[in-house]
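Here's the letter readout for the chains.
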Amino acid sequence: MSNATISDIAKKAHVSIGTVSNVLNKKGNVKVDTIRRVEEAAKSLNYFRNEDALSIRQKDSTVVALVMPKLNDQTASLYTNIYHELKRRNLSLKLYETNANEITEQACYQQINQQNYQAVLVINPLASEKTLQTWLNNSIQPTILSTSGSLQFNLTKITKKIDNKNIFVVKDELSLGFYKYFPNYPVIENSMRDIYRLLKDHNHFTIILFDDKLASRIENILNNMPDKEIKIILLTSKNIVSFKPTPKKDIFHYSANKTALDFVSSMATDKAHEINIYQTNYKLFTNESVHSSINFLMLDTPFSEILAGLIDDFYSKYQIKVNIHTKNFNEMRTILSSNKLEDYDLIRLDISDFNWYGPDIFQSLKQFPSLEPIITKLSNWNKYINLNQIPYALPLDPSVQMMLYQKDIFDNSILQKQFIEKYNRSLQPPTNYTELTDFSEFLGNLNIPEKNDFSPISLINNTGTLIASEFLPYYYSLGGQISYDDNVFEFDAETFIKTFELYKKVRQQSRITKTSWWDSETTDFNNQKTALIIGFTNHLTNINQTNYGIAPIPGNTPALGGGVIGISKNSHKTEAATLFLQWLYQYQIQHEIALMGGDVPANDLFFELEIYEQFPFLSYSTRLYSTGKRKTKLDANKPINTLLFEKIIGTQIYNGIENKLNPATVLLNLNNDLIKNRSKLINEN
């Protein structure tokens, strides 16, 4: 560990201490050469900033206090996740344990009052929120996780499972205090003596507890008591993923990582927030289609590879073989256009094709009562699954566009200075199309060592549908609309021209890839050839775990992607097909898909630590679907051939740029091409 000080850095760099402070804090008007000297000196001296000392000197503290009953098996995962989330935000954590003792609890707050803390986080306090506020002698509003705090667990899913009036709750005073959420039931101590007595004296009851080790211990005891009708309800942060049914135990789970994220985010707001839990029990469904097979048609993608690795579990449980038939993009287009689908029971359809082909190839899912729980659970995905307000499919691998950026570019002091001098604003990831254009021109024209080999971004060469996916989100973000009136497509001319000019400028500074898909863009970003990547989440899973940041695409009107799964109208094996869907949308299967980087509609899974750490952008993507857009119909009842529509738009934009046409001419050519292909674009029936 280095003991170097800013004075040592100043001596080595031959500058003043004030200059070193300005460089390290990214303040002041310091010359580029001086910044380089200071940073090189700090690096050579292995200098690091003492955040605790810094928080004492600064008015705004960088330390957060956490008050909890005890750090133990039940609270460790939440503590760990809070610690790492604060660290990610350049904040540190100080722990205070109350041991669920009122005197100790008040003493903790007396100690807190003697320090400088940015925030105080509290878990399961004994005192009321009003009392805690009187104990804090400053203006800090504590963020409290408890039954009466601004942060609470929503345990209604557990209460709905309670079908027995004889209920006992095991006390967890030294952890999160879940027992307080069940005030109407008798509470027993977490004591094996009391629990043995309970098991001996009662034959029919439900026990609610919050310790997975205790749950396993009781389950083992009950194996020797076959006459007892005792149900265990376990709520735990441990991600217990089992592929075997547990008829005597219902397992509910809350994400410690998601809870920590909510906790830390709540420091800046007084808004109340509920933390969801969800059931993880593995189920065996009724099956009368033993020793049969079904055929599943889908696009050849990383998702199809993930699914192929999981279907052995389905076969082992139900003896139904799932034959996955994967096709490339062009093969899939040929099959759909020819309507030769009689060999398939299940079909994965791209979201862009759903309105166009869905009514002709899918059966309505309303006729299958066994799927109703899944459809109800996925009701917030109606834009993916409904046609004329009737569910015809389920979201299989939904995706949305988002942006990743190289932090090293945007954190670089010298690039920051150069950008400020040129644009009179800080260098930040672009939030709109004008900022993207400015950043592209800035980095593209820069000629200093700190640029390295970075280009602003990679874009597709000449594939029309993919160019449209680059262009249309920015057109929509600038307020552009596409209407259809009197058999003519209409764009907002002024917005189209502005978007075209901006897009052309970005392309001039970009790495133009020669492939027809997005894989080369992820390769460029992984190899630190590009500062930004804008893509669909189901392709970003190929990004290495490098030092990247996550943001919405400029303009925050991303295109929706991915696909849906439906039951073919030609299928005579609907029982086996619905059984497969019931299996597919269980927690365990969705968890395994997400763990391998697959997009799933069970968004809470993206906050599980093992998934969050590997694919952090998936959790971020959950907030982007509401702003997503894809032109799949002209009005409520008139679908459009989306991919042909986008191909025409992208092709005309590419031709306009390559042939140096003015944007008004490009728009005219585009409208003419759309009119010429009107019969292929619109289903007038």
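One numbering rule holds for all chains: residues counted from 1, following each sequence as written. The model is predicted, so local features are restricted to residues of pLDDT at least 70 and side-chain atom pairs to those at 80 or more, both for listing and for counting; the totals for chains, interfaces and linings are taken over all residues. Hydrogens and water molecules were not included; the side-chain quantities draw on all heavy atoms of the structure.

Q: Could you clarify how one ought to interpret helix 6 (residues 102-113) in this entry?
A: Count 3.6 residues to each turn of an α-helix, and residues three or four apart come out pointing the same way. Note on conventions: DSSP H or I runs of at least 4 residues are helices, E runs of at least 2 residues are strands, and numbering of each starts at the N terminus. The length a helix should cover is 1.5 Å for every residue beyond the first. Helix length check: helix 6 (12 residues) gives 17 Å between terminal C-alpha atoms against 16 Å at 1.5 Å per residue, within 8%. Of the residues making up helix 6, those classed as buried are Glu-105, Cys-108, Tyr-109 and Ile-112. In an axial view of helix 6, the angular spread of the buried residues amounts to 95°, which keeps them on one side of the axis. By definition, residues are in contact when any of their heavy atoms lie within 4.5 Å. Packed against the buried residues of helix 6 are strand 1 (63-68), strand 2 (92-97), strand 3 (119-123) and helix 7 (129-135). Exposure categories follow from relative accessible area, calculated using a 1.4 Å probe and restricted to protein chains: below 20% of the type maximum is buried, above 50% is exposed, and the middle band is partly exposed. In this description, one arc is meant: the one made by directions from the helix axis to the C-beta atoms.

Q: Please clarify how the packing of aromatic side chains should be interpreted in this entry.
A: Within a pair of aromatic rings, the relevant descriptors are the distance that separates the centres and the angle that separates the planes. Classification of ring pairs rests on two measures: the distance between centres of Phe, Tyr or Trp rings, Trp counted by its six-membered ring, which must be within 6.5 Å, and the angle between planes, read as stacked under 30 degrees, edge-to-face over 60 and tilted in between. Applying the stated criterion to the full structure yields 35 aromatic pairs. Ring geometry for Phe-153 and Tyr-254: centres 5.0 Å apart, planes at 70°, overall edge-to-face. Placement of the pair is Phe-153 in strand 5 (residues 151-154) and Tyr-254 in the loop between strand 10 (249-253) and helix 11 (256-265), with a sequence separation of 101 residues. An identical accessibility class is assigned to Phe-153 and Tyr-254; each is buried. When the ring of Phe-296 is compared with that of Phe-580, the centres are 6.1 Å apart and the planes differ by 70°; the resulting orientation is edge-to-face. Of this pair, Phe-296 sits in strand 13 (residues 292-299) while Phe-580 sits in helix 25 (residues 574-584), and the two are 284 residues apart along the sequence. Since its relative accessible area comes to 0%, Phe-296 is described here as buried.

Q: So what exactly am I meant to see when it comes to the sheet that holds strand 12 (residues 278-279) here?
A: Taken in spatial order, the six strands of this open sheet run 7-6-8-9-10-12, and their pairing is mixed. Of all strands in the sheet, those with a lone pairing partner are strand 7 (187-188) and strand 12, marking the two edges. Here two bridges tie strand 6 (residues 167-170) to strand 7, and the two strands are oriented parallel to one another. Counterpart to Val-169 in the pairing with strand 7 is Val-187. Note on geometry: axes are C-alpha line fits, over the in-contact stretch for helices, and angles between N-to-C directions span 0 to 180 degrees. On top of the sheet, helix 10 (residues 212-222) reaches strand 6, strand 8 (204-209), strand 9 (229-236) and strand 10; it is set at about 165° to strand 9, its chief contact. In this analysis, strands are considered paired if DSSP registers two or more bridges between them.

Q: Could you clarify how one ought to interpret the nonpolar core in this entry?
A: A general tendency of soluble globular proteins is for nonpolar side chains to be buried together. Residues belong to a common nonpolar core when they are buried Ala, Val, Leu, Ile, Met, Phe, Trp, Tyr or Cys residues joined through side-chain atoms within 4.5 Å. The biggest cluster of nonpolar side chains holds 78 residues, and the ones touching the most others in it are Ile-565, Phe-580 and Leu-584. Counting residues per element, this core draws most heavily on helix 25, at seven residues. Leave out the neighbours within four places in its chain, and Ile-565 touches Phe-296, Leu-346, Ile-347, Arg-348, Ala-393, Leu-394, Leu-396, Phe-580, Leu-581, Leu-584 and Tyr-585. With 66 residues, the next largest nonpolar core counts Ala-41, Phe-410, Tyr-474 and Val-506 among its residues.

Q: How should the pairing of strand 1 be read in this particular structure?
A: Within a regular strand, side chains alternate between the sheet's two faces. Most of strand 1 sits out of view: six of its six residues are buried. What you see with strand 1 is no split at all: Val-63, Ala-65 and Val-67 on one side and Val-64, Leu-66 and Met-68 on the other are buried throughout. Judged from the six bridges that link them, strand 1 and strand 2 form a sheet pairing that is parallel. The residue of strand 2 that forms the bridge with Ala-65 is Lys-94. In this view, the connection linking strand 1 to its parallel neighbour strand 2 by way of helix 5 (residues 76-88) has right-handed handedness. Crossover handedness is defined by viewing with both strands directed away from the observer: a clockwise path from the first strand over the helix to the second marks the crossover as right-handed.

Q: I tried to follow the packing of helix 5 against helix 11 on my own but got confused; where do I start?
A: The packing of two helices is summarised by the inter-axis angle and the distance between the axes. It is the contact of helix 5 with helix 11, at a shortest axis distance of 8 Å, that shows an interaxial angle of 50°. Here helix 11 runs oblique to helix 5, going by the angle between their axes. Classified by chirality, the crossing of helix 11 by helix 5 is right-handed. Residues Ser-77, Leu-78, Asn-81, Ile-82, Glu-85 and Leu-86 of helix 5 form the contact with helix 11, whose own contacting residues are Ala-256, Asn-257, Thr-259, Ala-260, Leu-261, Phe-263 and Val-264. Amino acids outside the nonpolar list (Ala, Val, Leu, Ile, Met, Phe, Trp, Tyr, Cys, Pro) and the charged list (Asp, Glu, Lys, Arg) are all regarded as polar, and Gly is one of them. For the contact of helix 5 with helix 11, a count of residues per class yields eight nonpolar, four polar and one charged. These descriptions rest on fixed angle ranges, namely under 35 degrees for roughly parallel, over 145 for roughly antiparallel, 65 to 115 for roughly perpendicular, and the rest for oblique. Definitions for this section: a left-handed crossing has its near helix turned counterclockwise from the far helix by less than a right angle. A right-handed crossing has that turn clockwise.

Q: What is the right way to read the packing of helix 22 (residues 493-508) against helix 30 (residues 663-676) from this model?
A: With their axes 9 Å apart at the nearest point, helix 22 and helix 30 run at an angle of 115° to one another. Note on packing geometry: the crossing formed by helix 22 with helix 30 is right-handed. The segment helix 22 lies against helix 30, with Ala-493, Phe-496, Ile-497, Phe-500 and Glu-501 engaging Pro-663, Ala-664, Val-666, Leu-667 and Leu-670. When its residues are assigned to classes, the contact of helix 22 with helix 30 shows nine nonpolar, no polar and one charged.

Q: It is not clear to me how the environment of Glu-592 should be interpreted in this structure. Could you clarify?
A: Take Glu-592: it is sitting in helix 26 (residues 587-595). Discounting residues that sit within four places of it in the chain, Glu-592 has contacts with Val-241, Phe-243 and Leu-310. There is a polar contact of 3.3 Å between the side chain of Glu-592 and the side chain of His-591. Polar contact is defined as a pair of N or O atoms within 3.5 Å, subject to the rule that within protein one atom must be able to donate a hydrogen and the other to accept it, and that residues adjacent in sequence are counted only when both atoms are side-chain atoms.

Q: Before we go on, may I ask you to explain the side chain of Asn-526 in this structure?
A: Within the fold, Asn-526 resides in helix 23 (residues 519-526). Among the polar contacts made by the side chain of Asn-526, one reaches the main-chain amide nitrogen of Asn-544 at a distance of 2.7 Å. Once you skip the residues sitting within four places of it in the chain, Asn-526 turns out to touch Asn-542, Ile-543 and Asn-544.

Q: What is the right way to look at a positive patch on the surface in this model?
A: Two distance rules govern patches: like charges are joined within 9 Å, and nonpolar side chains (Val, Leu, Ile, Met, Phe, Trp, Tyr) within 5 Å, applied only to residues with over 30% relative accessible area and no salt bridge. All accessible areas in this document rest on Shrake-Rupley with a 1.4 Å probe, and a residue is counted as covered only by the protein chains that are shown. Each reported salt bridge corresponds to a side-chain nitrogen of Lys or Arg within 4 Å of a carboxyl oxygen of Asp or Glu. Positive: Lys, Arg. Negative: Asp, Glu. His and the chain ends are not part of the count. Every charge is mapped onto a representative atom, which is NZ of Lys, CZ of Arg, CG of Asp or CD of Glu. Taken together, the side chains of Lys-157, Lys-160, Lys-161, Lys-283 and Lys-377 present a region of like positive charge at the surface. At three residues, helix 8 (residues 156-161) tops the list of elements feeding residues into the positive patch. With respect to the helices and strands, the residue Lys-161 is situated in helix 8.

Q: What is the right way to look at unusual backbone geometry in this model?
A: Glycine aside, negative phi is the norm for most residues, and most peptide bonds take the trans geometry. In this structure, Asn-99 takes a positive phi of about 55° despite not being glycine. Within the secondary structure layout, Asn-99 lies in the loop between strand 2 and helix 6. Residues other than glycine seldom take positive phi values, yet Ala-100 does so here, at roughly 55°.

Q: I keep staring at the side chain of Asp-172 and nothing clicks. Help me out?
A: As for its placement among the helices and strands, Asp-172 is situated in the loop between strand 6 and strand 7. Lys-180 provides the closest opposite charge to the buried, unpaired Asp-172, separated from it by 7.9 Å. In this view, Asp-172 contacts Asn-124, Gly-177, Phe-178, Tyr-179 and Phe-210; residues no more than four positions away in its chain are not counted.

Q: What is the right way to read the pairing of strand 20 (residues 455-460) from this model?
A: For strand 20, the tally of buried residues reaches six of six residues, placing the bulk of the element in the interior. In this structure, strand 20 lies alongside strand 24 (residues 530-536), joined through two bridges in parallel fashion. Looking at strand 24, one finds that Ser-455 is bridged to Thr-530. In terms of strand pairing, strand 20 meets strand 23 (residues 511-513) through three bridges, oriented parallel. Within the sheet, the bridge partner assigned to Ile-460 lies in strand 23 and is Thr-513.

Q: Sorry, what's going on with the pattern of salt bridges here?
A: Working definition: two side chains of opposite charge can pair if their charged atoms are close together. Following the criterion strictly, the structure yields 21 salt bridges and no others. Residue Asp-438 is joined to Arg-425 by a salt bridge in which the shortest nitrogen-to-oxygen separation is 3.1 Å. With Asp-438 in helix 20 (residues 433-445) and Arg-425 in the loop between helix 19 (413-423) and helix 20, this pair connects stretches of sequence that are 13 residues apart. On the basis of relative accessibility, which here comes to 16%, the residue Asp-438 falls in the buried class. Between Asp-524 and Arg-511 there is a salt bridge, and its shortest N-O distance comes to 3.5 Å. Within this pair, whereas Asp-524 is found in helix 23, its partner Arg-511 is found in strand 23, the two being separated by 13 residues in sequence. According to the relative accessible area criterion, Asp-524 is buried, its value standing at 11%. By sharing partners, the salt bridges in this structure join Glu-85, Arg-88 and Arg-89 into a single network.

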